[in-house]
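Inside the fold
Here's the letter readout for the chains.
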Amino acid sequence: MRIAIIRLSSFGDVVISSSMLAGLKALGDYRIEWFVDDRFEGILDYSPCISKIHSMSFKKLLKSIGGIFEIRSYCKNCGDFDLVIDMQGLIKSALIGKFLKTKKFIGFSKNGVRESLASYFYTHKVDIAYDANILQRNFSVLFNHILESQNSSVTLDKILSIREQSLGINYRNIDENLKNLFTLANNIEDEKKTYTFLFILEASIQEKMYPIERFLSLANYLNNFLQNCHFYILWHDNEKNADELKSMLSKQSIKATKLPKLDFNSLKFCLKQIDCAIGGDTGVTHLAWAMGINCITLYGNANITSGKNMRNTAIDRVLLGNPYIVSNSKYFEISSIDAREIFETFKYKVYKEL
């Protein structure tokens, strides 16, 4: 069976959707092809579950009539699909699915889709509330039709239990200098285990970024508890902030390494070297979760949102499969979360897994 999945963006959403690929692949001899914006192709590269990635500058092309015709022409030349599944639920993603050749186009119902007009494009509609848990929504739209046709009772928990098999890494393309950053950290004279942590400094909005001063406090708690820690600092745009945290840690004789700027393949490699990743509600933290890496996710408060702006995190939508902490502030932000609370979450919910 040839299946097309449409999930164009964004970073975190592509990651969460892709976490179910291994479960889908386990159900049958499926040829899975994914349509994604070229900005996020690297997340899916080298996945053992994907037969082909259809990557284009969809965001840019969809802004002009000429670009839409270019997408249409490409899609019409992709051949016939047994199933096309729109996991995004937008007019633009539904339009791309409509361009593909299939008799079964699956998407969310009018009450469950983000842009209600998109539901009119689908031949088969999955009825689940838009504000339902994001994992349950992804599971429903991806699996409902297939499970019904197989008369199967596979559960979401079963699918997620093998999620770390969904994504892949090309180890041959990893820079030797990057490999050495982790090799050197673990080449210690005694035989004590070095516990490695990834501090994720940045997110799409300021309110989802944890202050470096609090990361410093957290590092002290962890280092005092474990004795032998090494902290890796991940940054994307604000290198100055990363340098400052590195300096603060070094002044307290805490072992730390500022990572270089990474592509997606290198990022996945780094996550595989880490005992625990810690950061806000952002794509990198979700990627750690999807790859089966221990992580702690920091969320803003649970205010209700319109559904179109997830600046405020409705708590029933978060990734509940990993330890998380929610700010008790009356404002949406994670900066008020006490470093001690994160440390205790690690101590009682993560440490026993290492």
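Small disclaimer: the values here were computed from a predicted structure and weren't measured.

All right, on to the overall build of the chain then. When you go through the chain residue by residue, the secondary structure sums to 14 helices and 14 strands. Radius of gyration (C-alpha) of the chain: 21 Å, near the 20 Å computed for a compact globule of 354 residues. Its C-alpha atoms give the chain principal-axis dimensions of roughly 60 × 45 × 45 Å. Buried positions account for 54% of the 354 residues belonging to the chain. Sequence separation of 24 or more characterises 64% of the internal contacts of the chain that already satisfy a separation of 6 or more. Carbon together with sulfur atoms contributes 46% to the accessible area of the chain, which is approximately 16,200 Å² in total. Charged side chains of the chain number 44 positive and 38 negative; the gap between the two group centres comes to 5 Å.

Moving on: helix H5 (residues 65-76). Compared with the 16 Å implied by 1.5 Å per residue over twelve residues, the 16 Å span of H5 between its first and last C-alpha is a close match. If you check which residues of H5 are buried, you get Gly67, Ile71 and Cys75. Buried residues of H5, viewed axially, fall in a sector of 75 degrees; they line one side. Facing away from the buried surface of H5 by more than 90 degrees, the exposed residues are Ile65 and Phe69. Of the surrounding secondary structure, the elements contacted by the buried residues of H5 are strand E2 (31-37), strand E3 (50-56), helix H4 (58-61) and helix H6 (91-99).

Read from one edge of the open sheet, six strands run E11-E10-E9-E12-E13-E14, paired in parallel fashion. The open sheet has two edge strands, strand E11 (256-258) and strand E14 (324-326), and neither has a second partner. On average, each strand axis in the sheet is tilted by 15 degrees relative to the strand beside it, whichever way the strands run. On top of the sheet, helix H10 (residues 212-226) reaches strand E9 (195-200), strand E10 (229-234) and strand E12 (276-280); it is set at about 170 degrees to E9, its chief contact.

What follows covers the pairing of strand E13 (residues 295-299). In terms of burial, E13 is largely enclosed, as five of its five residues are buried. Neither face of E13 is left uncovered, since the one carrying Cys295, Thr297 and Tyr299 and the one carrying Ile296 and Leu298 both have all their residues buried. Bridging between E12 and E13 involves four bridges; their strand directions are parallel. Counterpart to Ile278 in the pairing with E13 is Ile296. On the question of chirality, the crossover connecting E12 to the parallel E13 by way of helix H13 (residues 283-290) is right-handed. Pairing of E13 with E14, which is carried by three bridges, proceeds in the parallel orientation. Looking at the pairing, Thr297 lines up with Tyr324 of E14.

Glancing now at the packing of aromatic side chains. As enumerated under the stated definition, the model contains 18 aromatic pairs in all. With a centroid separation of 5.7 Å and 20 degrees between ring planes, the pair formed by Tyr221 and Phe343 is classed as stacked. Linking Tyr221 in helix H10 with Phe343 in helix H14 (residues 339-350), this pair joins segments that are 122 residues apart in sequence. By relative accessible area, Tyr221 is classed as partly exposed at 29%. A network of ring pairs unites the aromatic residues Tyr195, Phe197, Phe199, Tyr210, Phe215, Tyr221, Phe225, Phe231, Phe343, Phe346 and Tyr351 as a single cluster. The ring of Phe81 has Arg2 lying over it, and the distance from NZ or CZ to the ring centre is 3.8 Å. Geometry around Tyr195 places Lys193 over its ring, the cationic atom sitting 5.2 Å from the centre.

Before going further, it helps to examine the pattern of salt bridges. Enumeration according to the criterion identifies ten salt bridges in this entry. The closest approach of N and O atoms between Asp275 and Lys193, which form a salt bridge, is 3.3 Å. Separated by 82 residues along the polypeptide, Asp275 in the loop between helix H12 (264-272) and E12 and Lys193 in the loop between helix H9 (176-186) and E9 bring together distant segments of the chain. For Asp275, a relative accessible area of 13% puts it in the buried group. Close ionic contact of Glu344 with Arg340 constitutes a salt bridge, the shortest N to O distance being 3.3 Å.

The next point concerns the environment of Tyr351. Relative to the elements of secondary structure, Tyr351 occurs in the segment after H14. Given a relative accessible area of 33%, Tyr351 falls into the partly exposed group. When the C-alpha positions of Tyr351 and Asp275 are compared, they lie 9.2 Å apart, and in sequence the two are 76 residues distant. With residues up to four places along the chain from it excluded, the contact list for Tyr351 reads Tyr195, Phe225, Leu226 and Phe346.

What counts and how
All residue numbers refer to positions counted from 1 along the written sequence of the respective chain. This being a predicted model, a pLDDT of at least 70 is required before a residue's local features are given, and a value of 80 or more before pairs of side-chain atoms are given or counted; all residues contribute to the totals for chains, interfaces and linings. To get the side-chain values, take all heavy atoms of the structure and skip hydrogens and water. Strands here are runs of E lasting at least two residues and helices are runs of H or I lasting at least four, both read from the DSSP assignment and numbered beginning at the N terminus. C-alpha atoms define the radius of gyration in this analysis, and the globule rule sets the expected value at 2.2 Å times the number of residues to the power 0.38. For each residue, the accessible area found with a 1.4 Å probe, counting protein chains only, is set against the maximum for its type, and the residue is called buried under 20%, exposed over 50%, and partly exposed in between. In what follows, a contact means two residues having at least one pair of non-hydrogen atoms within 4.5 Å. Under the convention used here, a 1.4 Å probe and the Shrake-Rupley method define accessible areas, while residue burial counts only the protein chains that appear. Charge assignment: positive for Lys and Arg, negative for Asp and Glu; neither His nor the chain ends contribute. To locate a charge, the coordinates of NZ of Lys, CZ of Arg, CG of Asp or CD of Glu are taken. To estimate how far a helix should extend, the number of its residues minus one is multiplied by 1.5 Å. Working definition: the arc comes from the directions between the helix axis and the C-beta atoms, pointing outward to the latter. One requirement defines pairing of two strands: DSSP has to find at least two bridges between them. A fitted line through C-alpha atoms serves as each axis, taken over the contacting stretch for helices, and the angle formed by two N-to-C directions is quoted from 0 to 180°. The definition of a right-handed crossover adopted here requires that, viewed with the strands pointing away, the path from the first strand over the helix to the second runs clockwise. Two rings belonging to Phe, Tyr or Trp (six-membered ring only in the last case) form a pair when the distance between their centres is within 6.5 Å. Interplanar angles under 30 degrees mark stacking, angles over 60 mark edge-to-face geometry, and anything in between is tilted. Note on geometry: a ring has a charge over it if NZ (lysine) or CZ (arginine) is within 6 Å of the ring centre and within 35 degrees of the ring normal. The term salt bridge refers to a pairing of a side-chain nitrogen on Lys or Arg with a carboxyl oxygen on Asp or Glu at a separation within 4 Å.

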